[in-house]
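Coordinate inspection notes
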2 protein chains.
Amino acid sequence: MNNVHFLCAEINYMGSKERKTREKEELKALILKAARKLFVEKGIGQTTIRNIADSIDYSIGTVYVYFRDKNEILHALHTQGFVDLGGQLKILFSVTDPMERLKAMGKVYTNYALDYPEMYDLMFTLKAPIEFLETIQKDEWDEGKASFDVLRTTAKQCMDAGHFKGHKLEPLCFLIWSCLHGMCSLEIGSRTQNANIKNAETIVADAYDEFLKILNNL
Amino acid sequence: MNNVHFLCAEINYMGSKERKTREKEELKALILKAARKLFVEKGIGQTTIRNIADSIDYSIGTVYVYFRDKNEILHALHTQGFVDLGGQLKILFSVTDPMERLKAMGKVYTNYALDYPEMYDLMFTLKAPIEFLETIQKDEWDEGKASFDVLRTTAKQCMDAGHFKGHKLEPLCFLIWSCLHGMCSLEIGSRTQNANIKNAETIVADAYDEFLKILNNL
DNA sequence: CAAAGAAAATGAACATTGTTCATTTTTGCA
DNA sequence: TGCAAAAATGAACAATGTTCATTTTCTTTG
């Protein structure tokens, strides 16, 4: 192999290499899209790798070429969920009054949870995506961070505006998050339906009203 | 068969029948005890029917003689969990001041959750025990009811004592439950560890303090 | 354009787990 | 002791995640 051939080869190789990379990412995205669709439609527990492969006319093996295991798929969608929800929350920075923004954030959060319960479970309940983080030696969770930052920043502005007197920022943020998460989680997990709660159909909305009343006095 | 024989047979039969019934219930309880031990030790998802059978030196088949499927085992332990936690909560009626009792109940609740995370998941997060309820056409959840009643009764007494002005009992109870559940659920699901929360190690305790401050002003 | 080498895709096969059920073992009673 | 009912058994099946040797497709080169 002389220099000229070597260079040509290099150039061609690089060009197709980039196209290949793009094609690989497209297929990876296709798998994720199919997985997400099935998860939302029939539930994560009811969706198999075979289902996913079938739905895009690829073989089981191909899925494993692009993802090391099911947990990696779950983790990728976990990330997607945070990008989605985080994006919706960030838009609310257009609301200048931090208290109003905080209330709007709560509404967006609970709406997302109740509209996409499987995605919500994946993001905040299931162990799988967290276990995946552990297998790749990563103990951070960038997208979760970003969403919590949005809450923290807003709560901080509320404090600067004179609210939340006598409270500590970080624990109060976690408490607010816990309130919202708790309502959504119990609702999604069907714990409101059978616990003899009156007006179970509207309990989340009703409790959110109580939440707002309390917030208004903090 | 004459009358005398018939009577003797009846008497003997009834005696051994009762003993049999008792023995069956003992084995059922033994299976549950073994299952619970394994669940607590290595997690529900990591425990198989074979594990359970092995640990009490019975065969797989025997487990299925006593329980129709894994969900029935999960449901039985779900019930046990509520009996346990409900019992701990009921003891607190010895605290006469309802506000103090309410705070103590929250402490007992979160302690239970963090001490027995697998049991807590079973009681408040996992779908399996709820799915079992559906398969047997039962949409009630007696033990959950009882525990919520304890909360409702206490909150009602708080109201009668002049607290929670302007709030509605039922939604407020659910909100309080959601706060506690949210904190426990996020902690158990490792959502506090990787979300860039400051002092993640103490965040539940710290947030519980904020919760108490808010409660004191309601 | 054809051949060779690289990359991608495949699906048969395996391990695990929940579950079933025909068979075996044990038990209670005459 | 022998028989019938009850209890226990574990082999076998189905579903699912996963692996990997093989096949197919693509890219490069002469």
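Residues numbered from 1 in each chain as written. Chains lettered and ligands numbered in written order. Predicted model: local features only at pLDDT ≥ 70, side-chain atom pairs only at ≥ 80, totals over all residues. Heavy atoms only, no water.

A closer look at the environment of Leu172 of chain B
Residue and element names in this part refer to chain B. The line we're drawing: Think of it this way: any DSSP run of H or I at least four residues long counts as a helix, any run of E at least two long counts as a strand, and we number them from the N terminus. For every residue, the accessible area obtained with a 1.4 Å probe (protein chains only) is divided by the maximum for its type, and the residue is called buried under 20%, exposed over 50%, and partly exposed between those limits.
Relative to the assigned elements, Leu172 resides in helix α9 (residues 169-188). According to the relative accessible area criterion, Leu172 is buried, its value standing at 3%. Expressed as a C-alpha distance, the spacing of Leu172 and Arg152, which sit 20 residues apart in the sequence, is 9.3 Å.

Regarding the protein's contact with DNA strand C
Spelled out, the test is: Any residue with at least one heavy atom within 4 Å of a molecule or strand is counted as near it. Residues adjacent in sequence count toward polar contacts only when both atoms are side-chain atoms; beyond that, a polar contact is any pair of N or O atoms within 3.5 Å, and within protein one must be able to donate a hydrogen and the other to accept it. Asp, Glu, Lys and Arg are counted as charged, while Ala, Val, Leu, Ile, Met, Phe, Trp, Tyr, Cys and Pro are counted as nonpolar; the rest, among them Gly, fall into the polar class.
What surrounds DNA strand C is a group of 26 residues, the closest being Thr62 and Tyr66 of chain A together with Arg19, Arg50 and Lys70 of chain B. The sugar-phosphate share of atoms of DNA strand C within 4 Å of the protein amounts to 68%. Between Tyr66 of chain A and DNA strand C, the recorded distance is 2.5 Å, taken from a side-chain N or O atom to a phosphate oxygen. Within the contact set of DNA strand C, a phosphate oxygen lies 2.8 Å away from a side-chain nitrogen or oxygen of Tyr64 of chain B. When residues in the surface near DNA strand C are grouped by element, the largest group, six residues, is from helix α1 (residues 3-42) of chain B. Grouping the constituent residues of the surface near DNA strand C by class yields ten nonpolar, seven polar and nine charged.

Observations regarding the interface of chain B and chain A
Here is the rule we go by: Here, residues are in contact when the closest pair of their heavy atoms is within 4.5 Å. Here the quantity called buried area is the accessible surface, traced with a 1.4 Å probe, that two parts lose on coming together, added over both. Think of a salt bridge as a Lys or Arg side-chain nitrogen and an Asp or Glu carboxyl oxygen that are within 4 Å of each other.
On the chain A side, the residues contacting the 53 residues of chain B number 53 residues. Of the roughly 4,600 Å² buried at the junction of chain B and chain A (both faces included), carbon and sulfur atoms supply 65%. Its largest share of buried area at the contact with chain A, chain B owes to Phe174, Arg191 and Asn194 of chain B, together 17% of the area lost on that side. Linking Asp121 of chain B and Lys127 of chain A is a salt bridge whose minimum nitrogen-to-oxygen distance equals 3.2 Å. Seen at the junction of chain B and chain A, the total is 22 residue pairs in polar contact (both at pLDDT 80 or more).

Some thoughts on the side chain of Thr110 of chain B
Residues and elements named next belong to chain B. Residue position: Thr110 is located in helix α5 (residues 98-115). Within polar-contact distance, the side chain of Thr110 engages the backbone oxygen of Lys107 at 3.1 Å. Discounting residues that sit within four places of it in the chain, Thr110 has contacts with Leu180 and Cys184.

Here we look at the environment of Arg101 of chain B
Residue and element names in this part refer to chain B. One can find Arg101 in helix α5. Taking relative accessible area as the criterion, Arg101 reaches 3% and is therefore assigned buried. It is 23 Å that separates the C-alpha atoms of Arg101 and Pro117, two residues lying 16 residues apart in sequence. Excluding its chain neighbours within four sequence positions, the residues that come into contact with Arg101 are Leu92, Phe93, Val95, Thr96, Thr154 and Gln157.

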